[in-house]
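Inside the fold
Residue-level listing of the chains:
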Amino acid sequence: SETALPVQVITREDIDKAGVTTAAELMAKLAANVGGLTDGGSIHVGGYDQKGFNSANLRGLGTSSTLVLLNGRRMANFASPGDDAGVDLNNIPAAAIQRVEVLLDGASAIYGADAIAGVINFITRKDFQGVELSAQYGRTQEGGAGKRLASIAAGVGDVGRDGFNIFGVLDVQRTDSLSTSQRKFIQGLQVPKRLGHLLSGYTSPANIRLTGAQRDHLQDSGFTINGKSIVNRTINLSQPGCAPPANLYLPAGTGGEDACTYDYMGDTELYPKSEKLSLLTRGVLQLTPNHQLYAELSLSRAKTWYVGSSARVTGYIDYRKVPGLANTGLDQLVPDDEDDIPTELELRMRLNEAGRRSSQLTSEGQRLVTGLTGTFKGWDYDLGLNRSVNIVRERDGHGYVLYKELMKGIYDGLINPFGPSGAAGLSLLDSIQVDDEVRYARGTMDSIDFKGSRALASLAGGEMMLALGGELRRERTDFRPSALLMSDNINNDFAPEGGGPTSDRRRVAAVYA
């Protein structure tokens, strides 16, 4: 549109034509939005920061430099701490969006450093009368990633006639998970040959990582696997069999010619199951012909269930408990390093018997805005109070196990790294499964803002205007890891760097003219 700065306007008609149903899907269609964070990364499961965060990133300048507004006002940032700060797009009430205005230029002079890349303003309906129902169902030909959604909008009152309007929009969505086994094209990618970053040296049966002295000793003693002398420090006694299809023998792969390589894409969840719920309600009361009182309440909840590959484990075992190496005399070695234990073998294993790692991420948004708008002695004014909250909960579930107990079970021989474990090993794995809310974060933002404008004089090119405004804002973020997480005893989800709980806050004041 023709404005002082480049602004792209996306209308409700544009949104419907694009077939998108969430704010994150809409931003993915925006050419200026590059490299935003997404909540759809099941393949990355394993204790990384800000899981479940859907963000915008204008011009590729960063999530932290892209300001997202709802009806021209700020929202609380995604609460979970990490490298990026920004609004979780899951907290935008998608069904209530009327249009989106995208400022494709820096606006830091007005909004601050978080608007260096630009501003995205989601504008919802201001009033509604009657009842509107909609429902959609979508499925894919090969299965997986199905979507179901329903919304209802209802409102009563005409501001001009009745002096008030109250309406609400409720939106419910559910998306099914998608696995690599549900897509035929995955086979055509030839992952083992072309996509090495999707391979791993943690396998089942386990790879053994020898010390330099252990390898040299085995070479000197004539040790072989399938009649072939070993070359590398990583070996696997089951190669070239390697228990396909997930575990492969790839001499040029991550495991090398003496070991096995794990193919993540054998059967991995590409996209997680999710449920999204949002509610927007708004009420307007005409106090006098020139003054309106309004209130706006927005509630949202996004739940995402992640399922990753089975846990990767670095374990240790006495070589005499491994039948293929029991008589190789490794106990006669003189260690290369004071930390080396000649009789101990390092295992790089995939813990299939514990199941695939699962976690649940819940992001909740709450926002209440109340204000007064109208005209007074030639001034158009708007005064508003804004309270916004974001709460993030992350729970580790089946597939995550207690680390110390796991290490002991492997070393004692209860858990078999090279094949099926016995009843005692399976019982141990079942007893050390984790079910714990490992991370809790809460972010709040409270603000009061005002703006006013009026015409000063009429000129040949139009009226000369004066605009004044200001804002007082208080932000706070609290992060609380669980006691179990802080004990550093969850395999593949270790204690956060820098210690325990954190609490950060700041105050911001700004005026403009």
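The structure this text deals with has already been given above.
All figures in this text were calculated on a predicted structure; none of them were measured in a lab. (Residues numbered from 1 in each chain as written. Predicted model: local features only at pLDDT ≥ 70, side-chain atom pairs only at ≥ 80, totals over all residues. Heavy atoms only, no water.)

With that settled, the discussion passes to the overall build of the chain. Across its full length, the chain holds ten helices and 24 strands. In terms of overall dimensions, the chain has a C-alpha envelope of 100 × 50 × 45 Å along the principal axes. Buried positions account for 46% of the 513 residues belonging to the chain. Put simply, 73% of the contacts in the chain that link residues at least 6 apart link residues at least 24 apart. Only carbon and sulfur atoms are counted for the fraction: they give 53% of the accessible area of the chain, which is about 24,500 Å². Between the mean site of the 53 positive side-chain charges and the mean site of the 60 negative ones, the chain shows a separation of 5 Å. (Helix = DSSP H or I, 4+ residues; strand = E, 2+ residues; numbered from the N terminus. Buried < 20%, exposed > 50% of the residue type's maximum accessible area, 1.4 Å probe, protein only. Contact = heavy atoms within 4.5 Å. Areas by Shrake-Rupley, 256 points an atom, 1.4 Å probe, with all protein chains shown as cover. Lys, Arg positive; Asp, Glu negative; His and termini not counted. Charge placed at Lys NZ, Arg CZ, Asp CG, Glu CD.)

Taken in spatial order, the five strands of this open sheet run β1-β4-β5-β2-β3, and their pairing is mixed. In this open sheet, the two strands that pair with only one neighbour each are β1 (7–11) and β3 (73–74). Bridge count between strand β2 (residues 66–70) and strand β5 (residues 118–124): five bridges; the pairing is parallel. Looking at the pairing, Val-68 lines up with Ile-120 of β5. (Pairing = 2+ DSSP bridges.)

We now examine the nonpolar core. Ranked by internal contacts, the top residues of the largest apolar core, which has 36 residues, are Leu-345, Leu-351, Leu-406 and Ile-410. Of all the secondary-structure elements, those providing two or more residues to this core are α7 (212–220), β19 (291–318), β20 (344–376), α8 (403–411) and α9 (423–431). Not counting residues within four places of it along the chain, the set of residues in contact with Ile-410 comprises Val-313, Gly-315, Tyr-316, Ile-317, Leu-347, Met-349, Ile-415 and Pro-417. In terms of nonpolar packing, the next biggest core, distinct from the first, is built from 23 residues, Ile-10, Leu-26, Leu-89 and Ile-120 among them. (Core = buried A, V, L, I, M, F, W, Y, C linked by side-chain atoms within 4.5 Å.)

In this section: the state of the cysteines. Tallied over the entire structure, the rule returns one disulfide. Residue pairing for Cys-242: its cysteine sulfur links by disulfide to Cys-260, the two sulfurs lying 2.0 Å apart. Residues Cys-242 and Cys-260 are joined through a disulfide that is left-handed, its torsion about the S-S bond being -80°. Placement of Cys-242 in the loop between β14 (234–235) and β15 (247–248) and of Cys-260 in the loop between β15 and β16 (261–263) is noted, with a sequence separation of 18 residues between them. For Cys-260, a relative accessible area of 1% gives the class buried. (Disulfide = S-S within 2.5 Å.)

Another aspect to go through is empty space enclosed by the protein. Sizing a probe to match a water molecule and rolling it over the atoms shows the empty space that remains. In this structure the tally under the stated criterion is three cavities of 30 Å³ or more. When its volume is computed, the largest cavity comes out at roughly 110 Å³. Along the walls of the largest cavity sit 15 residues, with Thr-22, Asn-90, Ile-92, Ala-94 and Lys-276 positioned nearest its centre. Of all the secondary-structure elements, those providing two or more residues to the lining of the largest cavity are α2 (23–28), β8 (164–175) and β18 (273–288). (1 Å grid on protein atoms, 1.4 Å probe; cavity = no way out; pocket = protein on both sides within 12 Å on 5 of 7 lines; lining within 4 Å. Points joined across faces, edges and corners; volume = space filled by probe spheres on them.)

Right, let's get into the packing of aromatic side chains. The geometry of two aromatic rings is summed up by the distance between their centres and the angle between their planes. Scanning the model with the defined rule gives three aromatic pairs in all. Aromatic side chains Phe-53 and Phe-78 sit 4.5 Å apart centroid to centroid with 5° between the ring planes, which places their arrangement in the stacked category. Within this pair, whereas Phe-53 is found in the loop between α2 and β2, its partner Phe-78 is found in the loop between β3 and β4 (97–103), the two being separated by 25 residues in sequence. Summarising the burial analysis for this pair, Phe-53 and Phe-78 share the class buried. Lying over the aromatic face of Trp-305, Lys-273 brings its terminal NZ or CZ to 4.5 Å of the ring centre. Its guanidinium or amino end placed over the ring of Tyr-262, Arg-350 lies 4.2 Å from that ring's centre, counting from NZ or CZ. (Phe/Tyr/Trp six-rings, centres within 6.5 Å; stacked < 30°, edge-to-face > 60°. Lys NZ or Arg CZ within 6 Å of the ring centre and 35° of its normal.)

All right, on to the side chain of Asp-493 then. Relative to the helices and strands, Asp-493 is located in the loop between α10 (483–486) and β24 (502–512). At 2.7 Å, the side chain of Asp-493 forms a polar contact with the side chain of Arg-439. (Polar contact = N/O pair within 3.5 Å; in protein donor to acceptor, adjacent residues only side chain to side chain.)

Here we take up unusual backbone geometry. Going from Ser-204 to Pro-205, the amide bond is cis rather than trans, its omega being 5°. Note that Pro-205 resides in the loop between β10 (199–200) and β11 (207–209). With an omega of 10°, the peptide bond running from Pro-244 to Pro-245 counts as cis. With respect to the helices, strands and loops of the structure, Pro-245 is situated in the loop between β14 and β15. At Ala-145, a residue that is not glycine, the phi angle is positive and equals roughly 65°. When you line up the elements, Ala-145 lands in the loop between β6 (130–138) and β7 (147–156). The exposure class assigned to Ala-145 is partly exposed, which follows from its relative accessible area of 29%.

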